[in-house]
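Okay, here's what each chain looks like letter by letter:
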Amino acid sequence: MEYDCIVIGGGPAGLAAAIEAKDNGADKVCVIERDRELGGILNQCIHNGFGLHEFNEELTGPEYAAKFIDEVYKRDIDIFLNTMVIDLTKDKEVTALGDNGLIKLKGKSVVLAMGCRERTAGAIGVKGFRPAGVYNAGMAQRLINMEGYLVGKEVVIYGSGDIGLIMARRMTLEGAKVKAVVEIMPHSSGLNRNIHQCLNDFNIPLLLSHKVTEIHGKNRVEGVTIAKVDDKFNEIDGTREYISCDTLLLSVGLIPENEISQKANVSIDLRTRGAYVDSNMQTEIPGIFSCGNVLHVHDIVDFVTRESRIAGKNAARFARGELNNSKYIDVYAGDKLIYVIPQKIALDDENGALICFRSKNIYRNPTVKIYSNDKLIKQKKYKIIVPSEMIQIHLKYDYIKDLEGNIMVDIEGEKND
Amino acid sequence: MYDCIIIGAGVVGAATARELSKYNLRIAVLEKGTEVCQGTSKANSAIVHGGYDAAYGTLKGKLNVRGAKLYQKLSKELNFSYDKCGSLVLAFNDEDEKKLEELYENGLKNGVEGLRIIDKDEILNMEPNVSQDVTKALYCSEAGIVCPFNATFAFIENAMDNGVELFLEEKVVNIRKENDYILVGTEKGSEFKTKILINSAGLYSDEIAELAGDKEFKVKPRRGEYRILDKKVSDIVNHVIFTTPTKAGKGVLVSPTVHGNLIVGPTSDPVDDKEDTRTTDKGIEKVDEVALKLVPKLSLNETIRVFAGNRASIEQGDFLIFESKNIKGMLNLGGIDSPGLASSPAIAEEVRDFVSKYIDLTEKNNFIKERQAIPHFNELSDEEKEEILKRNPNYKKIICRCEMITEGEIIEAIHRNAGARTVDGIKRRVRPGSGRCQGGFCGPRILEILSRELDIPVEDILKESQGSNIVVGRTKGVL
């Protein structure tokens, strides 16, 4: 079967990309989703706070997803549910397995929108036993919110990622006692509003600069030992403390799931663990685009939507043979940034470029400065920039069309923890 | 009345059951765990050693070499993953080289084939990623890697195909000699009568021996800690890479696994408690230090799991296989630590010879020699995939995205002989949860499938042992 645009993944990124591709002239569009319904991880995010940027209202995850799912179904877009892509070539041939058996599709363009997975206890090497009761926060969230099972009654959460914070509140509301959220960094890795609404409002302590040193309990978790760490994350002697609990939830980071991308030889940036893309969200393989959490991990779904529209629109342009940029410059992250996306910008594209980045530290009253060949081309002041909150800045065509040198993005201001 | 009862369904017990199932015998296997393969057999280096290490003249030396040979045949008959990939013991100085010479001589005496001492150029040609500081290596073409889980499952499945009975969650608590039989009692109150009793209880073999009044050995467990690395960094070595052994053991190794991961470890530390399989900072640091000396470019940050297992070591050092002085017809298999996995098929032959002293062994004429593996959908050709999809629509649904495991494979793992009853049981048979997400995505699906196929509530599903329930109840909102 041939498509103008094949979207891999039916979460928020894939849905927005599919709609946008269709609306921009890709005639035949399909979405391939491995789960039994569209919506992706939003389906288990039953808390509110989604859609503030996009719809100016506070929606729950399923409500936010439903808005896009409705739009997809209004259009003539093929949906493959319960279908897992098992192979992708750089010629945009897709092999998938699902309800229809083994299917082979060929796309003029492909949008990668597979999302991310959670880093595990094994990956961070938590020591001690390996009993039942150690779960990734996202898995626990699915069990509670979608399957109706409680994973434990006395909980310690390791990592203050947003899912961990949300789960601290969720477990509390289900009657569990959340004893602490333990974070190895000197600052939280979750959104500030989640610290307030999910921890402070429920008197759940957030222990910064602490690590879980040992898991106790042979069969089911019986407790954890935690300890303070110094600024190099080494345990400080004499600070060990035992907390009894039957559950340890982990929220220690998300990793873009690019195993399928790599089958098509899409090259991966070691900092984002996602593809190298240009300002059209096109990877280094022509016609293959990437957006959402498979490209880099986002904290706000509205930003995923924004980015994925760019991918979808350009996938349609590519399919129609209308994506013919020829002038590119590279984009570099300054010393104060962890990374910047996209890694290069098409200068001759009327849509301009959306720059996304994260800072390494907390900055108060900083200015983001964007340079080309040491010349300041744009600056923007912020009240605060924190590593957990991604910044997006749009560069209009007018700003970039005459640029010649590479772009560097950095923050000016004092680090403040 | 059974002809033979085997206590313990680790790899040795299972291999023994399979060997004895060739003969006209009524056999039972008693296992205290919720499934087979829950002790030392589940957490080890997964190596079929060549047999040059164990000293000449020891049982270990003899049975390792014989066992390694048997694996080649058994892995084909029973269709479990085994790869005779060869091993290299690396030397970095004169002292190490001297040790290599000793190992080489010892190996020759043990009858190990394919042994060679090779020089730096040849080593780096074979394994370009090992340390440039290497001076010599002992190459053994007969060493290999195996899936210890599926070897054990294959043995027990085939044994059951041939009539062996398996009793799970039957912990033996007393052993008594009656007139012409041995009476075996369990914690649950079951009683089994048998002519021959085989104690293959691994870490607990000393306690079983003591039930018969045998106090010849005491298990002093030694813990080994490991890392498992992601498949994407596993092509760094192709052979089992050992450091030169010391008295404490064969030392740390870096090896591919049959599933395409990399295993790094183990330590060897005495522990008091047989169940103390904790990983420790100190242990993993030790593993890292030695592993990086062997293979400096190892991507330890691509770890997907750290784990530890305990060896059933005894002071005598060698395997201690002897008939009980108090109960005639009872055979103790003591001290089955490394190379126990490699030796297990040969230990099974020793047991067979023991049984033949009491019972005239006649071969079954309907013995089923072969066992089919559960097909791994992702590894089939397109034609084979289409074929299996026509037969069984459960293969359409991928449950584990990291290892590409279908629902069909999981269902089959549950319904086979000695089938999976727990989440870890599924993981060990067909691997969902062994990949990089460690069950984060497929976990809820596995619960659902186990619950449906075994017709038990999700709340009762265990990770592994009793008390390891995955969920504690329904949420408030669900009626």
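J.: An account of the overall build of chain A is requested, with residue identities and associated values reported.
T.: Each helix and strand counted, chain A has nine helices and 30 strands in total. By the compact-globule yardstick of 22 Å for 417 residues, chain A fits well, its C-alpha radius of gyration being 22 Å. Seen along its three principal axes, the alpha-carbon backbone of chain A occupies a region of about 65 × 55 × 40 Å. In chain A, the share of contacts with a sequence separation of at least 24, taken over all contacts with a separation of at least 6, comes to 63%. Taken as a whole, chain A presents about 16,100 Å² of accessible surface, with 46% of it coming from carbon and sulfur.

J.: Before we move on, can you summarise the pairing of strand 7 (residues 136-140) of chain B with the specific residues and values?
T.: Along any regular strand, the residues point their side chains to alternate faces of the sheet. Residues and elements named next belong to chain B. With four of five residues buried, strand 7 lies mostly within the body of the structure. The pairing of strand 5 (residues 87-91) with strand 7 spans five bridges and is antiparallel. Looking at the pairing, V89 lines up with L138 of strand 7.

J.: Can you explain the environment of B:H415? Please cite residues and give values.
T.: Residues and elements named next belong to chain B. In this fold, H415 is placed in helix 10 (residues 407-415). With a relative accessible area of 45%, H415 lands in the partly exposed category. Once the C-alpha coordinates of H415 and L454 are considered, the two residues, 39 residues apart in sequence, prove to be 8.9 Å apart. Of the polar contacts made by the side chain of H415, one reaches the side chain of E453; its length is 2.5 Å.

J.: I'd like a description of the domain arrangement of chain B, backed by residues and values.
T.: Residues and elements named next belong to chain B. Each assigned domain of chain B is listed with its residue range as follows: domain 1 (1-79 + 145-219 + 312-373), domain 2 (87-141 + 221-310) and domain 3 (377-460). One C-alpha centre belongs to domain 1, the other to domain 2, and the line joining them spans 28 Å. At the junction of the two partners, domain 1 supplies 29 residues and domain 2 supplies 34 residues. Around 2,400 Å² of area is buried between domain 1 and domain 2 when both sides are counted, 59% of it from carbon and sulfur atoms. When the area that domain 1 buries against domain 2 is broken down by residue, the three leading residues are Y52, Y56 and I145, summing to 30%.

J.: Report on helix 6 (residues 192-199) of chain A, specifying residues and quantitative values.
T.: Residues and elements named next belong to chain A. Of the residues making up helix 6, those classed as buried are N194, I195, C198 and L199. For helix 6, the arc enclosing every buried residue in end-on projection is 105°, short of the 170-degree limit, so these residues lie on one face. Each element contacted by the buried residues of helix 6 is listed here: helix 5 (162-173), strand 13 (177-182) and strand 14 (206-207).

J.: Mind laying out the interface of chain B and chain A, listing which residues take part and the relevant values?
T.: How big an interface is tends to be stated in terms of accessible area lost as the parts join. In this assembly, 55 residues from chain B lie in contact with 51 residues from chain A. Both faces considered, chain B and chain A share a buried interface measuring about 4,500 Å² in area, 54% of it formed by carbon and sulfur atoms. Where chain B meets chain A, there are ten salt bridges. Across the pair B:E448 and A:R36 runs a salt bridge whose closest N-O atoms are separated by 3.4 Å. At the boundary of chain B and chain A, one finds 21 residue pairs in polar contact (both at pLDDT 80 or more). Every element with two or more residues in the side of chain B that touches chain A is listed here: helix 7 (281-294), strand 18 (303-311), helix 9 (382-391), helix 12 (443-454) and strand 23 (473-474) of chain B. Broken down by element, the side of chain B that touches chain A gets its largest block of residues, six residues, from strand 18 of chain B.

J.: Any details on the sheet that holds strand 14 of chain A? Residues and values, ideally.
T.: Residue and element names in this part refer to chain A. The parallel open sheet is built from five strands, whose spatial order is 10-18-12-13-14. Two strands bound the open sheet, and with one partner strand each, they are strand 10 (134-136) and strand 14. Where strand 12 (residues 154-158) lies against strand 13, five bridges are found, and the strand directions are parallel. Paired with E154 across the bridge in strand 13 is K177. Seen against the sheet, helix 4 (residues 137-147) touches strand 10 and strand 18 (247-250) and runs at an angle of roughly 90° to strand 10.

J.: Run through the packing of helix 2 (residues 59-77) of chain B against helix 8 (residues 340-358) of chain B, naming residues and quoting values.
T.: The relative placement of two packed helices comes down to the angle between their axes together with the axis-to-axis distance. Residues and elements named next belong to chain B. Close contact between helix 2 and helix 8 brings their axes to 6 Å; oriented N to C, the two are set at 95°. Looking at the two axes, helix 2 sits roughly perpendicular to helix 8. Contacts between helix 2 and helix 8 involve L59, K60, K62, L63, N64, R66, G67, A68, L70, Y71 and L74 from the former and L341, A342, S343, S344, P345, A346, I347, E349 and E350 from the latter. Of the residues that constitute the contact of helix 2 with helix 8, the class distribution is eleven nonpolar, four polar and five charged.

J.: An account of empty space enclosed by the protein is needed here, citing residue identities and associated values.
T.: The final tally for this structure, using the stated rule, is four cavities of 30 Å³ or more. In this model, the largest cavity occupies a volume close to 560 Å³. As for the largest cavity, its lining consists of 33 residues, and the residues nearest its centre are A:V134, A:Y135, B:R305, B:Q438 and B:K463. Those elements giving two or more residues to the lining of the largest cavity turn out to be helix 3 (121-124) and strand 10 of chain A together with strand 18, helix 11 (423-430) and helix 12 of chain B. Sorting elements by how many residues they give to the lining of the largest cavity places helix 11 of chain B first, with four residues. A class-by-class count of the residues in the lining of the largest cavity yields 19 nonpolar, nine polar and five charged. In terms of lining residues, the second largest cavity is bounded by B:G50, B:V65, B:A68, B:K69, B:Q72, B:V112, B:E113 and B:E142.

J.: Pulling in residues and values, what's your account of the domain arrangement of chain A?
T.: Residue and element names in this part refer to chain A. Assigned domains within chain A: domain 1 (1-118 + 254-324), domain 2 (120-252) and domain 3 (327-417). Between the C-alpha centres of domain 2 and domain 3 there is a distance of 34 Å. Listed by partner, the interface residues are seven residues for domain 2 and six residues for domain 3. Overall, the association of domain 2 and domain 3 removes approximately 430 Å² of surface from exposure, summing both partners, and the carbon and sulfur fraction of that is 59%. Counting the surface domain 2 buries against domain 3, the share from its top three residues, P186, H187 and L191, is 71%. Our enumeration of links across domain 2 and domain 3 arrives at zero salt bridges. Inspection of the domain 2/domain 3 interface yields two residue pairs in polar contact (both at pLDDT 80 or more). Grouping the constituent residues of the side of domain 2 that touches domain 3 by class yields two nonpolar, five polar and no charged.

J.: Could you give me a rundown of helix 9 of chain B, with the residues and numbers involved?
T.: Residue and element names in this part refer to chain B. K385, I388 and L389 are the residues of helix 9 that are buried. Down the axis of helix 9, the buried set is contained in an arc of 105°. They therefore lie on one face. Turned more than 90 degrees away from the buried face of helix 9, the exposed residues are E383, K390 and R391.

J.: How would you summarise the side chain of B:D318 if you had to cite specific residues and measurements?
T.: Residue and element names in this part refer to chain B. One can find D318 in the loop between strand 18 and strand 19 (320-323). As a buried residue without a salt bridge, D318 has its nearest oppositely charged side chain in K60, at a separation of 5.5 Å. If we skip the residues at most four places from it in the chain, D318 touches T58, L59, K60, G334 and G335.

J.: Provide a residue-level description of unusual backbone geometry, including the pertinent values.
T.: If a residue is not glycine, its phi is most likely negative; likewise, a peptide bond is most likely trans. In this structure, A:P342 follows A:I341 across a cis peptide bond, with omega equal to 0°. Examined against the element boundaries, A:P342 turns out to sit in the loop between strand 22 (337-341) and strand 23 (344-346). With omega at -5°, the peptide bond leading from B:G265 into B:P266 counts as cis. Within the secondary structure, B:P266 sits in the loop between strand 16 (262-265) and strand 17 (269-270). The residue A:M281 is not glycine, and still its phi comes out positive at about 65°. With respect to the helices and strands, the residue A:M281 is situated in the loop between helix 7 (259-263) and strand 20 (288-290). Backbone geometry at B:R431 places phi at a positive 80°, although glycine is not the residue there. Locating B:R431 in the fold gives a position in the loop between helix 11 and helix 12.

J.: Break down the packing of aromatic side chains for me, citing the residues and quoting the values.
T.: Residues and elements named next belong to chain A. By the definition in use, this model includes 13 aromatic pairs over all chains. Seen in terms of ring centroids, F289 and F318 are 6.3 Å apart; in terms of plane orientation they differ by 75°. Their pairing is edge-to-face. Of the two residues, F289 is situated in strand 20 and F318 in helix 8 (residues 301-319); the sequence distance between them amounts to 29 residues. For F318, a relative accessible area of 23% translates into the label partly exposed. The ring of Y328 carries K344 above its face, with NZ or CZ at 4.7 Å from the centroid.

Definitions and limits used
Residues numbered from 1 in each chain as written. Chains lettered and ligands numbered in written order. Predicted model: local features only at pLDDT ≥ 70, side-chain atom pairs only at ≥ 80, totals over all residues. Heavy atoms only, no water. Helix = DSSP H or I, 4+ residues; strand = E, 2+ residues; numbered from the N terminus. Rg over C-alpha atoms; globule rule 2.2 N^0.38 Å. Contact = heavy atoms within 4.5 Å. Areas by Shrake-Rupley, 256 points an atom, 1.4 Å probe, with all protein chains shown as cover. Buried < 20%, exposed > 50% of the residue type's maximum accessible area, 1.4 Å probe, protein only. Pairing = 2+ DSSP bridges. Polar contact = N/O pair within 3.5 Å; in protein donor to acceptor, adjacent residues only side chain to side chain. Domains from an automatic or database assignment. Buried area = accessible area lost by both parts, 1.4 Å probe. Arc of directions from axis to C-beta. Salt bridge = Lys/Arg side-chain N within 4 Å of Asp/Glu carboxyl O. Axes fitted to C-alpha atoms, helices over the stretch in contact; angles between N-to-C directions. Parallel < 35°, antiparallel > 145°, perpendicular 65-115°, else oblique. Nonpolar A, V, L, I, M, F, W, Y, C, P; charged D, E, K, R; others polar. 1 Å grid on protein atoms, 1.4 Å probe; cavity = no way out; pocket = protein on both sides within 12 Å on 5 of 7 lines; lining within 4 Å. Points joined across faces, edges and corners; volume = space filled by probe spheres on them. Lys, Arg positive; Asp, Glu negative; His and termini not counted. Phe/Tyr/Trp six-rings, centres within 6.5 Å; stacked < 30°, edge-to-face > 60°. Lys NZ or Arg CZ within 6 Å of the ring centre and 35° of its normal.

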